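Each chain, letter by letter, is given below.
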Amino acid sequence: MKALLRIFRPSRKLVLIIGGIALLAGVSGGAALYIGKDNLLGPAAETVNGAACTDVNLVTIKKQDRVWIRKYIKTEPTDGMTRVKTALRVAKAVYEAEKPDLVQVVVLDTNGPTLRSDIRGRAIGADVVYIPHPDPIVESLDGKTYTARYYDGAAASNGLFFGERVDLPEDEITALNASFKDYSDCIDPIAVAATEGGEGEGKPAKGKAKEEKPAEGGGHGAAPAEAPAAEAEAAPAAGH
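Residues numbered from 1 in each chain as written. Predicted model: local features only at pLDDT ≥ 70, side-chain atom pairs only at ≥ 80, totals over all residues. Heavy atoms only, no water.

### Points about unusual backbone geometry
Working step 1: Although it is not a glycine, glutamine 64 sits at a positive phi angle of roughly 50°.
Working step 2: Note on placement: glutamine 64 falls in the loop between β1 (54–63) and β2 (66–75).
Working step 3: The phi dihedral of aspartate 65 is positive, around 65°, even though this residue is not glycine. (Helix = DSSP H or I, 4+ residues; strand = E, 2+ residues; numbered from the N terminus.)

So, in structure tokens, the structure goes:
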């Protein structure tokens, strides 16, 4: 019996190795609880890049050899900063794909309005205007590359937002853009329906606003010539 115990008796070195592994595992677990998952693994994708979103409507305006794109999107309920991050990300994605002179992204709640006539004031959870190469085309923006604003409160069941309006300074907008891991666009429900067997192909998706008739010289989805930045200045302020 003593001989068997000698055979299966672990060496002191092995005991120390096993003890060290157990100690390391315990310390790592304790560190995860104390420091937090985000600090060990990095913040969640939504914290960095904003939320997933769905297209509602896209308006292209061609005026005086310039192209302005206004995009309406919606997200599931989330906080104001995440909404504005989403708008900034999508604005950059639209620019990379289309190279317009101006991009405006308007963020709505998933229960918000879809008709353009109803998209104003507190229906707008976040609003971003991006001018890649600022010039006097929009005097109200004072030569800024970006403007970004949002309501810091959640949306009600009717899709209208509560809370104070926050206007981000340009240096903070620049820092947010630098933190993005990718510039992915929103999901196009019509394209998804077509991919899934053509169901709904050629028909507007549920809740999708009817596109405007093309303006003179405009393409698909173009709207009558108007100043999107001026609307961007006025729309979020409405309702105050």
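There's more to say after this.
### Quick word on helix α5 (residues 80–98)
Working step 1: Taking 1.5 Å of rise per residue, the 19 residues of α5 would be expected to cover 27 Å, and the 27 Å separating its terminal C-alpha atoms lies within 8% of that figure.
Working step 2: Burial analysis of α5 places 15 of its 19 residues in the buried class, the great majority of the element.
Working step 3: Sitting at the amino-terminal end of α5 is aspartate 79, which places a side-chain oxygen 3.2 Å from the backbone nitrogen of methionine 81.
Working step 4: A positive phi of about 55° marks lysine 99, the residue just after α5. (Expected span 1.5 Å × (residues − 1). Buried < 20%, exposed > 50% of the residue type's maximum accessible area, 1.4 Å probe, protein only. Polar contact = N/O pair within 3.5 Å; in protein donor to acceptor, adjacent residues only side chain to side chain.)

### Here we look at the sheet that holds strand β6 (residues 165–167)
Working step 1: With mixed pairing, six strands are arranged side by side in an open sheet as β1-β2-β3-β4-β5-β6. Of all the strands in the sheet, the pair left with one neighbour each is β1 and β6. Across the sheet, the mean angle from the axis of one strand to that of its neighbour is 10°, orientation sign disregarded.
Working step 2: Alignment of strand β3 (residues 102–109) against strand β4 (residues 126–130), held across five bridges, turns out to be antiparallel. Bridge pairing in β4 places valine 103 opposite tyrosine 130. (Pairing = 2+ DSSP bridges. Axes fitted to C-alpha atoms, helices over the stretch in contact; angles between N-to-C directions.)

### Digging into the packing of aromatic side chains
Working step 1: Summed over all chains, the structure comprises three aromatic pairs.
Working step 2: Plain terms: the ring middles of tyrosine 95 and tyrosine 130 are 5.6 Å apart, the flat faces sit at 75° to each other, and that makes the pair edge-to-face. With tyrosine 95 in helix α5 and tyrosine 130 in strand β4, this residue pair connects regions lying 35 residues apart in the sequence. Neither tyrosine 95 nor tyrosine 130 differs from the other in exposure class; each is buried.
Working step 3: Residues tyrosine 130 and tyrosine 146 carry aromatic rings whose centres are separated by 4.4 Å and whose planes lie at 10° to one another, so their mutual orientation is stacked. Residue tyrosine 130 is found in strand β4, and its partner tyrosine 146 is found in strand β5 (residues 146–151); the two are separated by 16 residues along the sequence. (Phe/Tyr/Trp six-rings, centres within 6.5 Å; stacked < 30°, edge-to-face > 60°.)

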